[in-house]
Amino acid sequence: MPSAPGHAAVFAGLVPAVLDRLVEVRSSLDHGFARLDEAQARAQLEQILSHQVGFLTSGDSTSLRGFLRSYRALRAADGLGPENLLHAVTAIGDVTTQIIQRDSPSGARTAELVSSWVRVSWSTARIVVEMIAEELAGRVAQLQELES
Amino acid sequence: MTAPSLKLTAHGDTNVGKVRDHNEDALIVDAKWGLYAVFDGMGGAAAGDLAANRARDVVHEYVRAKKKAMEPRALLEAALNAASAAVHGEAQRTRDRHGMGTTAVVALVIEERRVVVAHVGDSRAYLLREGRLTQLTRDHTVVAELVANGALSTVDAENHAYKNVLSRNLGARPDAKPDVIELDLAPGDRLMLCSDGLYGYASTDAIQYLLGSTDGPQHVARDLIDLALRGGGGDNVTAIVLEAGAQAVPRATQVLRTSGAIAWWSRRAVFLGEAKRRGIAQSPICAVLSADEALDIVAGNLCEAIFHDLEKSTGVNVWTFAENLAHGWFDQGGAWQPLAELLDLLAASARAVTSELTSDDEGLALIVDAAIVRAFITAEMAVGGVLSERLRVVEADLVRVHSARHAAADQSSRFAETPTIPYVSATRAATPDPASPEVRAHLQTLAQQARAQVGQKAPARQAVDALLRAALEPVGTASPALLARELFGVRPLEESGIAPLFDALDIARSAYVAAMRRAGGDPAQAIAVMRRLAGAQADLAAAIANLVVEAATPATERLRDAMRETASLRSEVGRNEAKLIDLEKKYASKSGGRPQLPPRRRV
C-alpha cells in the first residue's frame, strides 16, 4: 500500500481544484451528496480527501478505516446503504484522478502520482467492502439468533 | 466557405421506469433521414401511448415524404402541426380518448452539421459543448410561461401547484405552435433529447457528467436511463444522444487501448506463472478445481477480461468476472475473506507483469499499472454490490422475523414505539492482555484530569468514563457494545443526529492527550497508555457506528414500504384524474361551452 510523502505534498497542492470539481459534480457522486448544499458537501468531501491523503502519506489505514466507519454510520442515518458509499468513494477517486491528469504536467511524475492515488482509491473501496461483509455477517448471525 | 461535414453517431433508449406499468414515451432514431425525436404521451387508459405513437408515426412519415421539398424549419413546423391535428382528431372521435396528447422534441440534421430543433411541451433538448451543458428548449408549461412573462418568480414556480401543467401539447388543438431553433454543431458536441422522466429524476450536474464521458452515445444513453432509474424512476424515461464527430480521446487512453492492451496480453504467461507460484490452486474458492483448471478458469479468465477492458476502455468484463466469482462462492456459503485474499493474490500477480514491463518501458508500465489497479477497484465494486444485495435480503428477513415476534407479543404496539436497542446484538470484543498495575494507575490519574477538563457536560463526561472503562477492561460489562449503548442513552434529547457522540469521543480523547502532555513521565509507559486509549476509542467508535446502522435498519425498511404504498396511491390519483377530466368534459358539453381548463398532466 502507498507510502509516498512526496506524492502527498504534490497532491496537497491539487486539493483545492479537486474539491472544487467534486463539489461541482457532487450530484453524480451519489444521492447523498446530491442532497447536500455546497458548503455541507465541501466539508464532507474535504474530510474524505483529508483521510485519504493521510493514508497516502503514512500508508497506515487505521485513521481512514475509523473515519469511514463513522461516515458510514452518519450516512445510514440518512437512509443511505453501504453500496452508496462504495460508489461514492470510487467516483471521488475517479474525479480526483481526472484532476491530477488535467492539472499536472504530463510525465513520469504525474503518472506516478496517478498510480499512487488509484491505490488509495482501491484501498478505500476495499475497506468499504470489508465493512459491508462485516455488516452482512453480523446480520446473518442476528437472523440465526432470532430464528433459533 | 462551407464547413466540413461531421460524422454523426446517435443512439436512443427508453424505459418504462419503476412506477408505471406501461410506457407512454415514443422515439425516432433515423440516421438515414437525420431525424431524431422524443414524444411523451398523456391521457387516461391507454390514450397516452396511443397519442405518442400516433404523433411519432405522423412526424416520421411527413419528414420522409417532404424533406427534399421543404425548408427544414417549415418542414418541422408542418410535421408537428400534422401530428397535432391527427392526435386531436383521434381524441375527438373516441370518448375515452378525450384529453389525450403528447409532448414532442424533434431534431432534424441537415448536412451533418446544421440541426433544427422543434418542440412542444416539456420534453427537452440539451447541448453539451466543451463540457458545459445548455438547455436549448424552454418548457411549455403554464408556470414556465408565467416566469418568462415576469408574472411569477422562479422560487415561487418551484412550488406552484401547476408547475407540471402543460400550456402546449400535440393534440390539445389541431395546430401545435412549436418553438423552433437552429444551431451549428462543432466537433465533440453532444445533443440530447429527453422526456421529463430523465431530468425529473436526475440532476443537471449528473446529466452533464454522463454526457461528458468518453463512452459512445449507446453507452451514454443507457447510463442516462440508469441514472433516472436510480433517482427513483417515477416516470417513463427516454433519451437520445447525438454525437458530432468523435471526442478527442486522451493520449493515455489511446496508449492503453493499443500498446497497453498488447503489452498486458503478451505477458499473460508472467501473470499466470505468478498466480501459480503464489498458490492460486490452494484458495478455498478453487477447491473443487484441479491446479490447471484453477489457473485457467480463474486467473486465465481475469487476464482475458483485463485485456478486453484495456482494449475498449471499459470495466464491464472485469465487473462480470468478479460478480460471477462472488455469486458462485457466496452461493456455496463461502465467506468474504477468502475472496478478498484471492483478489489480492491476483492483484499481486498482475504487479509482476507491470514490474517486468517497467524494465522495457517505464512510462507505459505506469499507465498500465494504474489501469490494472482501476480494474481491481471495479472488481471490489462488483463484490461489494453482490454483498449489498445479500445484505438487503437478510435485512428484510430480519425485519420480517423481528416484526412478527413483536406483533405476536403486543398487537396494539406501533412501529414508532418499537424499542430499537433490544434489537441490537452485542458485538463480541476480543480479550486483550490485562493492563499492568502501573498503566491502570496512570490511566486513572489521567481520567481524573480529563474529567476536570471536560466538566459535567454530557455526553463528553460520559465519553471520558467510557474510554477509561474500555481501556482498562474491554470485556464483560465494559465491552464496547454495552458502553456504546450507554453513551447512546445519555445523548441529550435536543441533539439531533449522532455526530455529538463522535464529537464527545474526540473531546474525551483530546482531554486525555492534554493530560498526558502535562503529566510527562516514562515514555514507554505513556506509549502503553496511549495504545490502550487509542484501541478503546476505535472500538467505541465502531460500536457506536454499528449501533446506529442497526438501529436505522427497521426505519429504512419501513421507508421502502411507504415508497411502494405512495407509488400505488399515485396510480390511483392518476386514474381518478382521468375520470375527473371526463366528467369536466361531459359537464362542459351539456352546458354548451368548451372547457377552458389547461391540459392536465399525469401525477
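Residues numbered from 1 in each chain as written. Chains lettered and ligands numbered in written order. Predicted model: local features only at pLDDT ≥ 70, side-chain atom pairs only at ≥ 80, totals over all residues.

Along chain A, the regular secondary structure elements total 7 helices and 0 strands. Tracing chain A from N to C terminus, the helices and strands come up as α-α-α-α-α-α-α. Counting all 148 residues of chain A, 50% fall into the buried class. Considering only contacts within chain A whose residues lie at least 6 apart along the sequence, 70% involve residues at least 24 apart. (Helix = DSSP H or I, 4+ residues; strand = E, 2+ residues; numbered from the N terminus. Buried ≥ 20, exposed ≤ 12 C-beta atoms within 10 Å, placed from the backbone. Contact = placed C-beta atoms within 7 Å.)

Further remarks concern the overall build of chain B. Regarding its fold elements, chain B presents 18 helices and 10 strands. For chain B, contacts bridging at least 24 residues in sequence account for 73% of all contacts bridging at least 6.

In this section: the nonpolar core. Among the nonpolar cores identified, the biggest contains 160 residues, and Ala37, Val59, Leu80, Ala83, Ala107 and Ile240 of chain B are the most heavily contacted of them. One finds Leu80 of chain A together with Phe502, Ala508 and Leu540 of chain B within the second-largest nonpolar core, a separate group that totals 38 residues. (Core = buried A, V, L, I, M, F, W, Y, C linked by C-beta atoms within 7 Å.)

A separate point is the sheet that holds strand β9 (residues 190-194) of chain B. Residues and elements named next belong to chain B. Pairing within the open sheet is antiparallel, and its 5 strands lie in the order β1-β10-β9-β6-β7. Of all the strands in the sheet, just β1 (8-15) and β7 (132-135) have a single pairing partner and so form its edges. Looking at each pair of strands side by side, their axes are set apart by 15° on average, direction ignored. Two strands pair when backbone bridges link them, and β1 and strand β10 (residues 237-244) are joined in this way by 8 bridges, in the antiparallel orientation. Across the sheet, residue Thr14 finds its bridge partner in β10, namely Thr238. (Pairing = 2+ DSSP bridges. Axes fitted to C-alpha atoms, helices over the stretch in contact; angles between N-to-C directions.)

On to the confidence of the model for chain B, then. Residue and element names in this part refer to chain B. Summing up the model confidence of chain B, the mean pLDDT is 80 and the portion of residues at 70 or higher is 83%. In the model, residues 410-431 has pLDDT below 50 throughout and makes 27 contacts with residues more than four positions away in sequence or in other chains. The low-confidence segment residues 593-603 (pLDDT under 50) makes 27 contacts with residues lying over four places distant or belonging to another chain. Across the assembled chains, the prediction reports ipTM 0.93 with pTM 0.51. (pLDDT = per-residue confidence, 0-100.)

Okay, the packing of helix α1 (residues 47-66) of chain B against helix α2 (residues 72-93) of chain B next. Residues and elements named next belong to chain B. Between α1 and α2, the least distance of the axes is 8 Å, while the angle of their chain directions is 145°. Both α1 and α2 take part in a crossing whose hand is right-handed. Residues Ala51, Arg54, Ala55, Val58, Val59, Tyr62, Val63 and Lys66 of α1 form the contact with α2, whose participating residues are Leu75, Ala78, Ala79, Leu80, Ala82, Ala83, Ala86, Val87 and Glu90. Split by residue class, the contact of α1 with α2 holds 14 nonpolar, no polar and 3 charged. (Left-handed = near helix turned anticlockwise from the far one by under 90°. Nonpolar A, V, L, I, M, F, W, Y, C, P; charged D, E, K, R; others polar.)

What follows is about the sheet that holds strand β8 (residues 179-184) of chain B. All names here are of chain B. Strand order across the open sheet formed by 5 strands is β2-β3-β4-β5-β8, with antiparallel pairing between neighbours. Sheet topology places β2 (25-30) and β8 at the edges, where each strand pairs with a single neighbour. Between one strand axis and the next, the sheet turns by 10° as a mean value, whatever way the strands run. Against the sheet, α1 contacts β2, β3 (35-42) and β4 (101-110), and its axis sits at roughly 155° relative to β3. Sheet strands in contact with α2 are β4, β5 (114-120) and β8, and its direction is about 155° off that of β4.

This brings us to the interface of chain B and chain A. Listed by partner, the interface residues are 45 residues for chain B and 44 residues for chain A. By residue number, the principal contributor to the side of chain B that touches chain A is helix α13 (residues 362-409) of chain B, which donates 25 residues. For the side of chain B that touches chain A, the residue count by class is 28 nonpolar, 9 polar and 8 charged.

This next bit is on the environment of Gly59 of chain A. All names here are of chain A. Of note, Gly59 is situated in the loop between α4 (38-58) and α5 (62-77). With 15 C-beta atoms counted inside 10 Å, the residue Gly59 sits in the partly exposed group. Placed 61 residues apart in sequence, Gly59 and Val120 show a C-alpha to C-alpha distance of 9.1 Å.

What follows is about helix α11 (residues 316-331) of chain B. Residue and element names in this part refer to chain B. Its 16 residues place the ends of α11 22 Å apart at the C-alpha level, agreeing with the 22 Å of an ideal helix rising 1.5 Å per residue. Every buried residue of α11 is accounted for by Asn317, Val318, Phe321, Ala322, Leu325, Ala326 and Trp329. The arc that holds every buried residue of α11, seen down its axis, measures 160°, which confines them to one face. Count one or two residues on from α11 and you reach Gly333, which has phi positive near 90°. (Expected span 1.5 Å × (residues − 1). Arc of directions from axis to C-beta.)

Our focus in this paragraph is the environment of Val16 of chain B. All names here are of chain B. Positionally, Val16 belongs in the loop between β1 and β2. Considered as a pair, Val16 and Val237 are 221 residues apart in the sequence and their alpha carbons are 6.5 Å apart. Discounting residues that sit within four places of it in the chain, Val16 has contacts with His22, Asn23 and Asn236.

Turning to unusual backbone geometry, a few remarks are in order. All names here are of chain B. Despite not being glycine, Lys177 shows a phi value in the positive range, around 50°. As for its placement among the helices and strands, Lys177 is situated in the loop between α4 (154-158) and β8. Classification of Lys177 as partly exposed rests on a count of 13 C-beta atoms within 10 Å.

Its place among the elements puts Ala148 of chain B in helix α3 (residues 142-148). Taking C-alpha positions, Ala148 of chain B is 9.4 Å from Arg138 of chain B, a pair spaced 10 residues apart along the chain.

In this section: the packing of helix α9 (residues 268-277) of chain B against helix α10 (residues 291-312) of chain B. Residue and element names in this part refer to chain B. Close contact between α9 and α10 brings their axes to 10 Å; oriented N to C, the two are set at 140°. Regarding the angle of α9 to α10, the classification is oblique. The two elements α9 and α10 cross, and the hand of that crossing is right-handed. Here Arg268, Phe271, Leu272, Ala275 and Lys276 of α9 come into contact with α10, specifically with Leu295, Ala299, Gly300 and Cys303. Residue classes in the contact of α9 with α10 are distributed as 6 nonpolar, 1 polar and 2 charged. (Parallel < 35°, antiparallel > 145°, perpendicular 65-115°, else oblique.)

What follows covers the pairing of β3 of chain B. All names here are of chain B. Burial analysis of β3 places 8 of its 8 residues in the buried class, which makes it a mostly covered element. Side chains Leu35, Ala37, Phe39 and Gly41 project from β3 onto one buried face, and the interleaved Tyr36, Val38, Asp40 and Met42 project onto a second face that is buried too. Here 6 bridges tie β2 to β3, and the two strands are oriented antiparallel to one another. What sits directly across from Asp30, in β3, is Leu35. Where β2 folds back onto β3 in an antiparallel hairpin, the turn is made up of 4 residues, including Gly34, whose phi is positive at roughly 65°. Inspection of the sheet shows β3 paired to β4 by 8 bridges, in the antiparallel sense. The partner of Val38 across the bridge, within β4, is Val105.

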